[in-house]
Amino acid sequence: EPVTPVRTLAAVWAALVAATALTVWVSRRDLGPFHTLLPLAIAAGKCALVLFFFMRLRHEPRFFTLMLLIAIATLALFIGLLFFDVSFR
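Residues numbered from 1 in each chain as written. Predicted model: local features only at pLDDT ≥ 70, side-chain atom pairs only at ≥ 80, totals over all residues. Heavy atoms only, no water.

K.L.:
I'd love a proper account of the packing of aromatic side chains, names of residues and values included.
P.N.:
According to the stated counting rule, one finds 2 aromatic pairs in the structure shown. Where phenylalanine 84 meets phenylalanine 88, the ring centres are 4.9 Å apart and the plane angle is 70°; that geometry is what we call edge-to-face. (Phe/Tyr/Trp six-rings, centres within 6.5 Å; stacked < 30°, edge-to-face > 60°.)

K.L.:
I'd love a proper account of a nonpolar patch on the surface, names of residues and values included.
P.N.:
On the surface, a nonpolar cluster with roughly 490 Å² of combined accessible area is contributed by Phe63, Phe64, Leu66, Met67 and Ile70. Mapped onto the elements of the fold, isoleucine 70 is located in helix α3 (residues 62-87). Look at isoleucine 70 and you get partly exposed, because its relative accessible area is 43%. (Patch = residues over 30% accessible without salt bridge, like charges linked within 9 Å, V, L, I, M, F, W, Y side chains within 5 Å. Areas by Shrake-Rupley, 256 points an atom, 1.4 Å probe, with all protein chains shown as cover. Salt bridge = Lys/Arg side-chain N within 4 Å of Asp/Glu carboxyl O. Helix = DSSP H or I, 4+ residues; strand = E, 2+ residues; numbered from the N terminus. Buried < 20%, exposed > 50% of the residue type's maximum accessible area, 1.4 Å probe, protein only.)

K.L.:
Tell me about unusual backbone geometry, and please be specific about residues and values.
P.N.:
Here the phi dihedral of arginine 56 falls at roughly 60°; this positive angle occurs in a residue that is not glycine. Mapped onto the elements of the fold, arginine 56 is located in the loop between α2 (34-54) and α3.

K.L.:
So what's going on with the packing of helix α1 (residues 6-27) against α2? Residues and values would help.
P.N.:
Direction vectors running N to C along α1 and α2 enclose 165°, while the axes themselves pass 10 Å from each other. In this view, α1 runs roughly antiparallel relative to α2, as classed from their interaxial angle. The element α1 and its partner α2 pack so that their crossing is left-handed. Touching Thr8, Leu9, Val12, Trp13, Ala15, Leu16, Ala19, Thr20, Leu22, Thr23, Val26 and Ser27 of α1 are His35, Leu38, Pro39, Ile42, Lys46, Leu49, Val50, Phe53 and Phe54, all from α2. (Axes fitted to C-alpha atoms, helices over the stretch in contact; angles between N-to-C directions. Parallel < 35°, antiparallel > 145°, perpendicular 65-115°, else oblique. Left-handed = near helix turned anticlockwise from the far one by under 90°. Contact = heavy atoms within 4.5 Å.)

In structure tokens, the structure reads:
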């Protein structure tokens, strides 16, 4: 079993805290059409950090990574279709 150094985990944790602060900062700004898209992009980045470092997806076989990416792409498609539908109401 490969072991992730504590220094790496601490750096990822610091990045997650910084991304959370960035999300809070962005939520208080008027970004026009990016008001929803930017926080979702930040959340996706935080999700990727948690999956690859804390849940150790980077040490799993590529098949699991591929299946996860397919599931995320399907979810992104559904969310995109939802935004498309809401924008034309």
